[in-house]
Amino acid sequence: YNSERIRNFSIIAHIDHGKSTLADRLLESTQTVALRDMEEQLLDNMDIERERGITIKLQAARVLYKSKKDGEIYVLNLIDTPGHVDFTYEVSRSLAACEGALLVVDASQGIEAQTLANVYLALENDLEIIPVLNKIDLPAADPDRVAEEIEETIGLDCTDIVHASAKAGIGIDDILESIVQKVPPPQANVDKPFRALIFDSYYDSYRGVIVFFRVVDGQVKKGDKLRFMASAAEHEVTELGVMTPKQVQVENLRAGEVGYICGSIKDVLDARVGDTMVLSKQFKEAKAADAPMKALPGYADSVPMVYCGLFPVDADDYESLRDSLGKLRLNDASLSYEPETSGAMGFGFRCGFLGLLHMEIINERLSREYNLDLIMTAPSVVYKVIHNGVEKTIEAPSKMPDVTRDHETLEPYVKMEILTPSEYNGAIIELGQERRGILIDIKYLTPTRSTIVYELPLGEVITDFFDQLKSRTKGYASMEYKILEYRASDLVRLDVKINYELATALATVVHRDNAQSMGRRLCASLKELIPRQMFKIPIQACIGVKVVASEHISPMRKDVLAKCYGGDISRKKKLLNKQAKGKKKMKSIGKVTVPQEAFMAVLKLD
Ligand code: GDP
Ligand code: MG
């Protein structure tokens, strides 16, 4: 152990710029991973992640590297970060565990929105940023232009920027060497009381929660009793080790080092990302001496921002849905869920997520890993209502009261940064306008690329904003946002009635000025999405008792039945059933069967 020879670093990049490929290359070239052990993209170890090419769970890897310059052996700790906006907090904690970051930029694409967002996070954590131009093997690569872009927009010196190809294995040694030369060693105070930052944790069914951490001060060994500052939980260390990236046990870990512990911890809530671990003994001593130990800065509870309802198609699956959510939550402290009963939908859960991607991942895992057939209602944000000085949090649109002049309604706002070829500035401003955005800034990064900054309601973002942005810019624009605060907005609850039955799962909260047009579009869309039945189905959008828009679905034509020759009633029934149901997931609202797509209608309005 010599802290001067430790380098703790992350790789940051816009999605698809080559972060995972480069991580693999670095591990491979330092031969921590024997080639036969090497799975494609070792660091992304969940199936869904791999399929989607994103990184959700953080992992770390410790490699030994012999510098070609000074011949010394260095310990490099690579801490991987999740690659999506929903997990910004986790990214920021991983970065807080490092002294430096490789900034990977695709030399054929240039800087994108996530590149900038990640750079801001790295700067907030005072990291040394080392830019790397990746994919220089591509014919479309334009390293000089992209290097200039990095110098101008981020202000990093790119005179000796590494030209790399993670895929072709070009520039890998240069990258390793620059980590050793440029990333500062950790400031290690081995003699101080032990403090460590948790940057990840997951639940293992045999060993309980495995906690990944960076030792900031002091040291820890097997058998020590730990205290988790935010949760106030205490656990004994039963296993202590480093990731190579296989878990290998060690005797102790000291300031500056990165490792994992487990200690029959039953709940990830005890050991949350961002929390500080200390030794129980030292914690008590400090308290007794009236000089209480301080947690490391930056802990924040993760607050779900997006909610949706999950209802089993088959009511018998309710218990197994509860069990499955429980299992997922063991690994994911930011997932929340509460039973929800809705007249038409039956028993289900209202679930809270960090963002849309997080929601999709959970939904996908429930159906794939737990074989559950679920109806998911459209996502909505958390609103607030103040009435007679009392503030209420509204997690489901149907729970929004009938607002009067005495109610103040609030919704979360975000700051969004969009990067785009400048020819699409007009199209983006149009989109921003439609979504109640406040234009804050337009800047030209280069003569042909701009950044556009907006403040807008999160509720307008979680509908199809990203899809719209992509389609209006031919896929060239990228975006990132962060939550700002709650702001007053004139909001109302828009109810939907199908065949005069209130469909609470279809209720939405909208700005009063948009309520009527929204109602009209929603009715039109539902008319398309709900299959015809034997009777006429009126569809209405209402604010309170006032109908603001309506449509109807005409009954099925007789000739559907006429196709069955003869009078075989069971055959007729079968045909009708088939028409009504298809192979789709459905729920009945009154007499009307409503398919899954209709519950998402509000996200796909023309
Ligand atoms: P991440 O989203 O940043 O983790 O990106 P990945 O490492 O998953 O890479 C995204 C895609 O780019 C994959 O198809 C990689 O094979 C490809 N890729 C990564 N690095 C290079 C490179 O240096 N050259 C080329 N041509 N392709 C690369
Ligand atoms: Mg990746």
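Scroll up for the structure.
Residues numbered from 1 in each chain as written. Chains lettered and ligands numbered in written order. Predicted model: local features only at pLDDT ≥ 70, side-chain atom pairs only at ≥ 80, totals over all residues. Heavy atoms only, no water.

### Let's talk about the pairing of strand S7 (residues 195-204)
Consecutive side chains of a regular strand alternate in pointing toward one face of the sheet and then the other.
Part 1: Burial runs high along S7: nine of the 10 residues are buried.
Part 2: In this structure, the hairpin formed by S7 and strand S8 (residues 208-217) is closed by a connection of three residues.
Part 3: Pairing of S7 with strand S16 (residues 276-279) involves three bridges; the strand directions are antiparallel. Following the sheet pairing, Arg195 is matched in S16 by Val278. (Buried < 20%, exposed > 50% of the residue type's maximum accessible area, 1.4 Å probe, protein only. Helix = DSSP H or I, 4+ residues; strand = E, 2+ residues; numbered from the N terminus. Pairing = 2+ DSSP bridges.)

### Remarks on the pairing of strand S15 (residues 258-262)
Part 1: For S15, a buried count of five out of five residues is recorded, marking the element as mostly surrounded by other parts of the structure.
Part 2: Pairing of S8 with S15 involves five bridges; the strand directions are antiparallel. In the sheet register, Phe213 faces S15, and the bridge partner there is Gly259.

### Brief notes about helix H7 (residues 280-288)
Since there are 3.6 residues in each turn of an α-helix, residues three or four apart along the chain are aligned in direction.
Part 1: The set of residues buried in H7 consists of Ser280, Phe283 and Ala286. Seen from one end, H7 has its buried residues packed into an arc of 130 degrees, which puts them on one side. Counted as exposed and oriented over 90 degrees from the buried face of H7: Lys281, Lys284 and Ala288.
Part 2: Contacts made by the buried residues of H7 are with strand S10 (225-228), strand S11 (234-236) and S16.
Part 3: Once H7 finishes, Asp290 follows within two positions and takes phi at roughly 65 degrees, a positive value. (Arc of directions from axis to C-beta. Contact = heavy atoms within 4.5 Å.)

### Overview of the packing of helix H8 (residues 318-330) against helix H9 (residues 356-368)
Part 1: It is the contact of H8 with H9, at a shortest axis distance of 11 Å, that shows an interaxial angle of 125 degrees. Taken as axis vectors, H8 and H9 run oblique relative to one another. Helix-helix and strand crossings are classified by hand; for H8 and H9 the assignment is right-handed. Of H9, the residues touching H8 (which contributes Leu321, Ser324, Leu325 and Leu328) are Ile362, Arg365 and Leu366.
Part 2: Grouping the constituent residues of the contact of H8 with H9 by class yields five nonpolar, one polar and one charged. (Axes fitted to C-alpha atoms, helices over the stretch in contact; angles between N-to-C directions. Parallel < 35°, antiparallel > 145°, perpendicular 65-115°, else oblique. Left-handed = near helix turned anticlockwise from the far one by under 90°. Nonpolar A, V, L, I, M, F, W, Y, C, P; charged D, E, K, R; others polar.)

### Quick look at the nonpolar core
Part 1: Counting residues in hydrophobic clusters, the biggest one holds 76 residues, and the most contacted among them are Leu366, Ile418, Val461, Phe465, Ile498, Leu526 and Ile530.
Part 2: With sequence-adjacent residues up to four places away left out, Phe465 is seen in contact with Met416, Ile418, Leu431, Arg435, Leu456, Glu460 and Met479.
Part 3: Of all hydrophobic cores here, the second largest spans 40 residues; its members include Val105, Ala122, Ile154 and Leu419. (Core = buried A, V, L, I, M, F, W, Y, C linked by side-chain atoms within 4.5 Å.)

### Some details on the site of ligand 1
Part 1: The immediate surroundings of ligand 1 are formed by 17 residues, with Asp16, Lys19, Ser20, Thr21 and Asp137 found nearest.
Part 2: Take Asp137: an N or O atom from its side chain is 2.7 Å from a nitrogen atom of ligand 1.
Part 3: One of the backbone N or O atoms of Lys167 is found 3.2 Å from an oxygen atom in ligand 1.
Part 4: With the chains in place, 81% of the 580 Å² that ligand 1 exposes on its own is no longer accessible.
Part 5: In terms of residue count, helix H1 (residues 19-29) provides more of the shell around ligand 1 than any other element does, three residues in total.
Part 6: For the shell around ligand 1, the residue count by class is three nonpolar, nine polar and five charged. (Near = heavy atom within 4 Å. Polar contact = N/O pair within 3.5 Å; in protein donor to acceptor, adjacent residues only side chain to side chain. Areas by Shrake-Rupley, 256 points an atom, 1.4 Å probe, with all protein chains shown as cover.)

### A look at the packing of aromatic side chains
Part 1: Evaluated as defined, the whole model comprises five aromatic pairs.
Part 2: Relative to Phe347, the ring of Tyr318 lies with its centre 5.8 Å away and its plane at 55 degrees, an arrangement referred to as tilted. You can see Tyr318 sitting in helix H8 and its partner Phe347 sitting in strand S19 (residues 346-353), a full 29 residues away along the chain.
Part 3: For Tyr318, a relative accessible area of 13% gives the class buried.
Part 4: Between Tyr337 and Phe349, the aromatic rings sit 5.7 Å apart at their centres with planes inclined by 80 degrees, giving edge-to-face as the arrangement. Taken together, the positions of Tyr337 in strand S18 (residues 336-342) and Phe349 in strand S19 put the pair 12 residues apart, joining distant regions of the chain.
Part 5: Look at Tyr337 and you get partly exposed, because its relative accessible area is 27%.
Part 6: On the basis of relative accessibility, which here comes to 1%, the residue Phe349 falls in the buried class.
Part 7: Here a set of aromatic residues connected by ring pairs shows up, and it is made of Tyr318, Tyr337, Phe347 and Phe349.
Part 8: Stacked on the ring of Tyr486, the Lys or Arg Lys384 has its end atom at 4.1 Å from the ring centre. (Phe/Tyr/Trp six-rings, centres within 6.5 Å; stacked < 30°, edge-to-face > 60°. Lys NZ or Arg CZ within 6 Å of the ring centre and 35° of its normal.)

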